[in-house]
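Observations on chain architecture
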Amino acid sequence: MPSLDCRLGIDVGGTNTDAVILDSADRVLAKAKVACTPDITGGITEAIDTVLRAPGADPRRITHVMLGTTHATNAVLERRMLRRVAVIRVGAPATLAVRPMFGWPNDLASAVCVAATIVDGGIEFDGRDLVPFDGDAVARFLGEVGGAADGVAITSVFAPVSPRHELLAAEIVKRELGEVHVSLSHEIGSVGLLERENATILNAALVGVAGDVASAMEAALAAHELRPVTFFAQNDGTLMALDHALRYPVLTIGSGPANSIRGAAFLTGTADSLVADVGGTSTDVGVLANGFPRESSQGVEIGGIRTNFRMPDLVTIALGGGTVVAGDPAAPVIGPQSVGFRLRNEALVFGGQTPTLTDSAVASGRASLGDPGLIGRHRSLLQSAARRADEMLADAIDRVKTAKGDRALIAVGGGSILVPDDLPGISEVIRPEHFDAANAVGAAIASVSGQVDRIFHPGADGRKAALAEASDEAVQNAIAAGADPAAVQIVEIEEIPLAYLTTPAVRIRVKAAGALGGLHERHSQPAPAGS
Amino acid sequence: MARLLDPDSLRALARGCAILGAGGGGDTRIGLLEALQATEDYGPVTLVGLDELADDELIMPCGMIGAPTVHIEKIENGSEGIRLRQHLEDVTGYKVAALMSAEIGGSNGLNPIVWAARIGLPVVDADGMGRAFPLVPQVSMHLAGINPNPCVMTDERGNVIVFRTISGDWTERLARAAAVEFGGAAASTEYTLTVAQAREATVLGTVSLAIRIGLAVSTAQRSPVAELIAEVGAFRLVTGKISDVERRTTKGFVRGSVVIEGIGEDSGRLLRLELQNENLVALEQGRVAASVPDLISVLDSETAEAIATERVRYGQRVTVIAMPCDPVWRTDRGLQAAGPRAFGYDFDYVPVEELASAVT
């Protein structure tokens, strides 16, 4: 009987789907890269099949699978497979000045929303009731429209201060509609009613999509007689258990870049550095701080809809291995088009007709791929394009930096052969082994996080007690999401005092993270429950 | 010159108000959504000049008082302004002819439009500050000796208080306390005045100025920051990166400082901003580069989007600009109300254009 000690990491990107197998010592045993398929699940299935057949892979040892995917984003962008949602806001008579989904693209609003209402209730910033909660209005609304809804999204004013009106509304949904999916805003987003409501509605709409991807993956694994414990990667580069991901699919929506940065950290053993992830179509430059991606202070837009999720703070440029080179040597034009996953047919060095940045890398001696003889008359254009691409990359690096002085850059991703060894502002370029699978490695290194983002009212013992309460809650959330209780640490604390108020109130955001619990036990362990 | 404010003008106005907020006044994004929804539901609002209104008609200065963080969670009902107007008319016995923003900087630059759409009255192309300030009596009407009474406040539930005070300072004190009881934010009107008075006692043309600023930024062919500076005659203090942020809250006001480290042509320079809800003072090598009541705004170097004091973060790429304030703030009374000493600094105000020319 083989030992049960391996993890399978899968990352679905814009161009390729990557898969790796790591053992319990975090060694990469096998990896695979396949082109994405339009339906995503085909690419996942193929990546699984390929990596399990790779030399070094022993499928029978796999106990856990971790998936980072763009399927949720694509579902929103393409309006595909979205569930129908009844939208309830608890906040009248406040908040009527901006109704739910105001400003959404019309086709997305009509694809997602069955009906929306704003009922009396909600919380004040200091925890009082805004007005009494109107449960009858919720029941009436559900009586009228509930039959057409696959799910219900509930958002109350100041739910981050107290979720009690959301919980009351959820009870009424259960009473009226039975076991229909309910998304509650306090479990999904932070302060900022409209962004949190948007995220909550999207979450309810995406519940089916997450289930489909999970089933497709399970089917692909079952074909190899594997039934590992399944995790999804989320926006901050940490994991959540499958049952958690099925309930909060929107939290997986930006996991790709975070996975690459986490993977770069892991492959190099570095906690603080710059990271350039060069793919087929674009390059993301981000910052690794304290082992995690530095997060943006701005909420992220998904398909034109503002949410208040924190995403990795990235500078993204249209520069990738498949990026098309045009113009002349004096003025090369780089992208933004890319041949994407058709690189192996279209690039010059592979016998194609389209000059790409991969050809530039070969022409300037940075990579030996395909047949350099096929570059021919394009040589000077390609060399000039490489210099121009270096300038674009240097500019992106400079924009993401937080301080003067040179820093190390970790180059990862299949297109990172484009990155030169010398770049302004960079002390050294680190090219880890398995650089081309850093994203899938990042998914598989198995860290789990918990977060708190709420308004606190520091009492007599003030700040300290509020911070302790928030930290404790974040740790509990991390453990609930599957982290090993012995390994959880606070990785980030942010305090933002509320301005223009005479009573002290402070918004506190704490993140805790730790290694996945029970990783090296036999896989009879239960899946960690979601909070 | 009366003009209808279409959605594009409202979007430009929101950008402009954020920049005129000088770091304070609250996020304009929700105010914009409210204005877009109100004008979609009730029809567009007319912007009028004071010369288009009769002398003895009433102008209602109005806005929200309280915490911007409350505002992004507890969005307004939309009918607050209807009650302000009704009670103001009941108490004074005069008809309100138009609404005016008490404060063009930040979210209060948009509130009167939301309410005017419902009421069916125009909005005046003027305000009480030409920027954002934290306190109720820091308005041009106060400097001109206009009585703050009667003050009317209301919330989204329909509670109304009408009160009279012996001074603008007492109005500030009572209104701030009431705003907390209302749940951290409330709608208010004070310093009501006639059209004839308003011609002397307000900062004129600021709504159209904010729209021009917004359009300069959104239609810029090359650098939005450069277009903005050209449009308003602003002074560029530094272009660089935020290299240090220190913030604390005392008595309900965010205080702190921000250091910007120059990059590119400003490489090697360090600019320090002192802030207290708004950006108050810019210092370079111990020398004042700009100060209140002139406007100091921190802009995203690429998009020229204003970055509020609450959202300034380490590592951001910013350009700091300073704009001359309205002359009313440069009078003795103006400096007493909102000059450097009013905010606890021990130096005399020097206009930004003089400070800038002293450098070059």
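Residues numbered from 1 in each chain as written. Chains lettered and ligands numbered in written order. Predicted model: local features only at pLDDT ≥ 70, side-chain atom pairs only at ≥ 80, totals over all residues.

1. Regarding the overall build of chain B
A count of helices and strands for chain B gives twelve helices and 17 strands. Computed over C-alpha atoms, the radius of gyration of chain B comes to 19 Å, within 12% of the 21 Å expected from 2.2 N^0.38 for 360 residues, which places it in the range of a compact globule. With respect to the principal axes defined by its C-alpha atoms, chain B has extents near 60 × 45 × 35 Å. For chain B, buried positions account for 58% of its 360 residues. A separation of at least 24 residues holds for 74% of the contacts in chain B among residues at least 6 apart in sequence. (Helix = DSSP H or I, 4+ residues; strand = E, 2+ residues; numbered from the N terminus. Rg over C-alpha atoms; globule rule 2.2 N^0.38 Å. Buried ≥ 20, exposed ≤ 12 C-beta atoms within 10 Å, placed from the backbone. Contact = placed C-beta atoms within 7 Å.)

2. Some remarks on the packing of helix 9 (residues 206-218) of chain B against helix 10 (residues 224-232) of chain B
Residues and elements named next belong to chain B. Packing of helix 9 against helix 10 brings their axes to within 8 Å, and their N-to-C directions diverge by 150°. Accordingly, the angle class assigned to the pair helix 9 and helix 10 is roughly antiparallel. The two elements helix 9 and helix 10 cross, and the hand of that crossing is right-handed. Each of R212, I213, A216 and V217 in helix 9 lies in contact with helix 10, whose residues at this interface are P224, E227, L228, E231 and V232. Broken down by class, the residue content of the contact of helix 9 with helix 10 amounts to six nonpolar, no polar and three charged. (Axes fitted to C-alpha atoms, helices over the stretch in contact; angles between N-to-C directions. Parallel < 35°, antiparallel > 145°, perpendicular 65-115°, else oblique. Left-handed = near helix turned anticlockwise from the far one by under 90°. Nonpolar A, V, L, I, M, F, W, Y, C, P; charged D, E, K, R; others polar.)

3. Focus on the domain arrangement of chain A
Residue and element names in this part refer to chain A. Taken domain by domain, chain A holds domain 1 (77-210) and domain 2 (447-515). For domain 1 and domain 2, the distance between their C-alpha centroids amounts to 25 Å. The partner domain 2 presents six residues to the six residues of domain 1 that form the contact. Partitioned by chemical class, the residues of the side of domain 1 that touches domain 2 number four nonpolar, one polar and one charged. (Domains from an automatic or database assignment.)

4. A closer look at the confidence of the model for chain A
Residues at a pLDDT of 70 or more form 93% of chain A, whose mean pLDDT is 86. Of the regions scoring below 50 in pLDDT, residues 520-531 of chain A engages in 27 contacts with residues more than four places distant in sequence or in other chains. (pLDDT = per-residue confidence, 0-100.)

5. Thoughts on helix 11 (residues 379-400) of chain A
With 22 residues, helix 11 of chain A should reach 32 Å at 1.5 Å per residue; the first-to-last C-alpha distance of 32 Å fits that figure. Those residues of helix 11 of chain A that fall on the buried side of the exposure criterion are L381, L382, S384, A385, A386, A389, L393, A396, I397 and V400 of chain A. (Expected span 1.5 Å × (residues − 1).)

6. A look at helix 6 (residues 193-222) of chain A
Residue and element names in this part refer to chain A. Taking 1.5 Å per residue as the helical rise, helix 6 with its 30 residues ought to reach 44 Å, and the 42 Å between its terminal C-alpha atoms agrees with that figure. Within helix 6, the axis deviates most sharply at L206, by approximately 45°. Of all 30 residues that make up helix 6, 21 are buried, and the element is covered over most of its length. (Bend = angle between axes of the 7 residues up to and from the residue.)

7. With respect to the pairing of strand 19 (residues 407-412) of chain A
Residues and elements named next belong to chain A. Inspection of the sheet shows strand 11 (residues 273-278) paired to strand 19 by four bridges, in the parallel sense. Within the sheet, the bridge partner assigned to V275 lies in strand 19 and is I410. In terms of strand pairing, strand 19 meets strand 20 (residues 426-430) through three bridges, oriented parallel. Considered in strand 20, the bridge of R407 is made with I426. (Pairing = 2+ DSSP bridges.)

8. A word on the packing of helix 4 (residues 135-145) of chain A against helix 5 (residues 164-177) of chain A
All names here are of chain A. The geometry of helix 4 relative to helix 5 is characterised by a closest axis approach of 10 Å and an angle of 40° between their N-to-C directions. By the angle between their directions, the pair helix 4 and helix 5 is classed as oblique. Helix-helix and strand crossings are classified by hand; for helix 4 and helix 5 the assignment is right-handed. Across the interface between the two elements, G135, V138, A139, L142 and G143 from helix 4 touch L168, A169, I172, V173, E176 and L177 from helix 5. The residue inventory of the contact of helix 4 with helix 5, partitioned by class, reads eight nonpolar, two polar and one charged.

9. Focus: the nonpolar core
Soluble, globular proteins show a tendency: their nonpolar side chains are buried together. Core analysis: the largest hydrophobic core is formed by 293 residues, its most contacted members being V85 and I88 of chain A together with V320 and A322 of chain B. Those residues in contact with I88 of chain A that sit more than four places away from it in its chain are T117, V119, V138, F141, V152, A153, I154 and A169 of chain A. (Core = buried A, V, L, I, M, F, W, Y, C linked by C-beta atoms within 7 Å.)

10. What to know about the domain arrangement of chain B
Residue and element names in this part refer to chain B. Domain assignment breaks chain B into domain 1 (3-206) and domain 2 (224-359). Each of domain 1 and domain 2 has a C-alpha centre, and these two points are 26 Å apart. Each side of the interface is counted separately: domain 1 has 19 residues, and domain 2 has 20 residues. Mapped onto the side of domain 1 that touches domain 2, the elements with two or more residues apiece are helix 1 (7-20) and helix 6 (140-143). In terms of residue class, the side of domain 1 that touches domain 2 is built from ten nonpolar, seven polar and two charged.

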